[in-house]
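Tertiary structure, described
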Amino acid sequence: MAVPTPMQRALELAHNARAPTSPNPTVGAVVVAADGAVVGEGVTQPPPGPHAEAVALQQASAKGGRGGALYVSLEPCCHHGRTPPCTDAIIAAGISEVHYAVADPNPAVDGGGHRALEAAGVRTIAGEGEDEARRINEAYFKHRATGLPFVIAKFAASLDGRIAAASGDSRWVSGPQTRAWAHALRARVDAILAGSSTVVVDDPLLTARPEDREVERQPLRVIVDTRGRTPPMARIFTVPGKTLVATTADSPAGWRAAMEARGAEVAALPRQGDHVDLIALLQELGRRDILSVLVEGGGVILGSFFDRGLVDKVHAVIAPLIIGAADAPAAVAGKGAYRMADALRLREVTVERLGDDILVTGYPAPAARE
């Protein structure tokens, strides 16, 4: 097996980071001594912890990193935030050369880290591994470019596209390996979003429970409820973490007070047609530094996101069963495509097995609806 290059190792560290770092990007860093030996490695720690560069440089300080090279998956920061500038630490450590994969789009950086290092006499090279680095922090890049979170649509369906039986029973469409994967995914996003119908019918917890344990950092739970259907006794209000109920002026004031009495925050947003304006909701979440949103259903809310072109990534789990009932709910509803030429197609598609289930992942093709 080939030994990874220092940049490949930095990207690997970022990709396999154990803990979410949002709203900071997830970064990996490797320090290579002048003799070619790796003397330090680091991954960005959850806020307010140190950045990857600081962790790697701390390791390298005891092993002769001075005069060596630093490889990092994102341009080092040059501003004071929760931590001091990484460029200052790099210069103080005597690093002679810095390689970074991609420029940081944060306006407080955006080339400033590169310029600060070169001004201090540090040879600075950019671009190796750029595509992979962008993919690792795809949510961060979208949020910095648009102010909106990265939207992931996830659903599990039968071979005939159903997410439940005709009675509404949906436990379980997918198998145990898929459910374990889904909880690991939940643990890495900033918010989980569901429509009020899902809460009424399924009464879900919407918590991240990888390996059957609730993690300390729970994603924000977002319920989209235009008219006030969510019952105050729903289980979603009984578990750790925060809940945001997105509604409109159409919901009763008494119901909104009941939601708040259950510990939820209520946001009254504009309508778009007969429903909560999803763009207004995403703008609100973006202002809260929510970088990624996992839309879990049901079919109506998923259809609304697809119809408005708001989905950035799709995780579709296909389970090997046939439901067949005409009245069984579909995975995605909404207006949809009138002609096959209008159907939303995915690009960069990957397929993997989750036990007996099949996971299809891809990105909506930008030109699909032109």
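In short, a report on the structure. Please read these numbers as outputs of a predicted model, since none were measured by experiment.

1. Regarding the sheet that holds strand β6 (residues 150-157)
- Spatial ordering of the open sheet is given by β10-β9-β8-β7-β13-β6-β14-β16-β15, a layout of nine strands whose pairing is mixed. Edge positions in the open sheet fall to β10 (265-268) and β15 (346-354), since each of these has one partner strand only. Strand-to-strand twist across the sheet, computed as the mean angle between neighbouring axes with direction ignored, equals 20°.
- Looking at chain direction, strand β14 (residues 313-318) and strand β16 (residues 357-364) are connected through five bridges and run antiparallel. Bridge pairing in β16 places V317 opposite L359.
- Relative to β14, helix α7 (residues 176-186) is tilted by about 160°, and along the sheet it contacts β6, β7 (191-195), β13 (292-297), β14, β15 and β16.
- Where helix α9 (residues 253-261) meets the sheet, it contacts β9 (243-247) and β10, and its direction lies at approximately 170° from that of β9.

2. Structural notes on the nonpolar core
- Core analysis: the biggest nonpolar cluster contains 59 residues, and V31 and V98 have the highest contact counts within it.
- Residues contacting V31, with those up to four places away along its chain left out, are A37, V38, V39, G40, A56, L57, A60, G65, A69, L70 and I95.
- Membership of the second largest hydrophobic core comes to 31 residues, among which are F155, L281, V293 and V311.

3. Topic: the pairing of β7
- With five of its five residues buried, β7 lies for the most part within the structure.
- Side chains A191, L193 and G195 of β7 all project onto a buried face; the interleaved residues I192 and A194 project onto the opposite face, where all are buried too.
- Two elements, β7 and strand β8 (residues 220-224), share five bridges in a ladder whose sense is parallel. Looking at β8, one finds that G195 is bridged to V224.
- A crossover links β7 with its parallel partner β8, the connecting element being helix α8 (residues 196-202), and its sense is right-handed.
- Pairing of β7 with β13 involves four bridges; the strand directions are parallel. Across the sheet, the residue bridging to I192 is L294, located in β13.

4. What to know about the sheet that holds strand β3 (residues 69-72)
- The sheet built from five strands is open, its strands ordered β2-β1-β3-β4-β5 with mixed pairing. Each end of this open sheet is capped by a strand with a single partner; those strands are β2 (38-43) and β5 (123-126). Here the average twist between neighbouring strands, direction ignored, is 15°.
- Bridge analysis of strand β1 (residues 28-32) against β3 gives four bridges, and the strand direction is antiparallel. The partner of V30 across the bridge, within β3, is Y71.
- Those strands touched by helix α1 (residues 6-15) are β1, β2, β3 and β4 (97-100), and its axis lies near 145° from that of β1.

5. As for a nonpolar patch on the surface
- Together, L346, V349, V351 and I358 make up an exposed nonpolar region whose accessible area comes to about 310 Å².
- The element best represented in the nonpolar patch is β15, accounting for three residues.
- Relative to the assigned elements, V351 resides in strand β15.
- For V351, a relative accessible area of 60% gives the class exposed.

6. Quick look at the state of the cysteines
- Tallied over the full model, the rule gives zero disulfides.
- Here C77 is not disulfide-linked; the sulfur of C86 is the nearest cysteine sulfur, at 3.7 Å.
- No disulfide involves C78; its nearest neighbouring cysteine sulfur is the one of C77, lying 7.0 Å away.

7. What to know about helix α10 (residues 278-287)
- When you tally the buried positions in α10, you get seven out of ten residues, the bulk of the element.
- Capping of α10 at its N-terminal end is provided by D277; its side-chain oxygen lies 3.0 Å from the backbone amide nitrogen of I279.
- D289 lies just past α10 and shows a positive phi near 65°.

8. Notes on unusual backbone geometry
- Across the junction of S22 and P23, the peptide omega takes the value 10°, indicating a cis bond.
- If you trace the backbone, P23 turns up in the loop between α1 and β1.
- Residue G298 is bonded to the preceding G297 through a cis peptide linkage, with omega at 5°.
- Here G298 shows up in the loop between β13 and α11 (299-307).
- Backbone geometry places L206, a non-glycine residue, at a positive phi of 55°.
- Topologically, L206 is positioned in the loop between α8 and β8.
- Residue class for L206 comes out buried when judged on its relative accessible area of 3%.

Rules behind the numbers
- Residues numbered from 1 in each chain as written.
- Predicted model: local features only at pLDDT ≥ 70, side-chain atom pairs only at ≥ 80, totals over all residues.
- Heavy atoms only, no water.
- Pairing = 2+ DSSP bridges.
- Helix = DSSP H or I, 4+ residues; strand = E, 2+ residues; numbered from the N terminus.
- Axes fitted to C-alpha atoms, helices over the stretch in contact; angles between N-to-C directions.
- Contact = heavy atoms within 4.5 Å.
- Core = buried A, V, L, I, M, F, W, Y, C linked by side-chain atoms within 4.5 Å.
- Buried < 20%, exposed > 50% of the residue type's maximum accessible area, 1.4 Å probe, protein only.
- Right-handed = clockwise from strand over helix to strand, strands pointing away.
- Patch = residues over 30% accessible without salt bridge, like charges linked within 9 Å, V, L, I, M, F, W, Y side chains within 5 Å.
- Areas by Shrake-Rupley, 256 points an atom, 1.4 Å probe, with all protein chains shown as cover.
- Salt bridge = Lys/Arg side-chain N within 4 Å of Asp/Glu carboxyl O.
- Disulfide = S-S within 2.5 Å.
- Polar contact = N/O pair within 3.5 Å; in protein donor to acceptor, adjacent residues only side chain to side chain.

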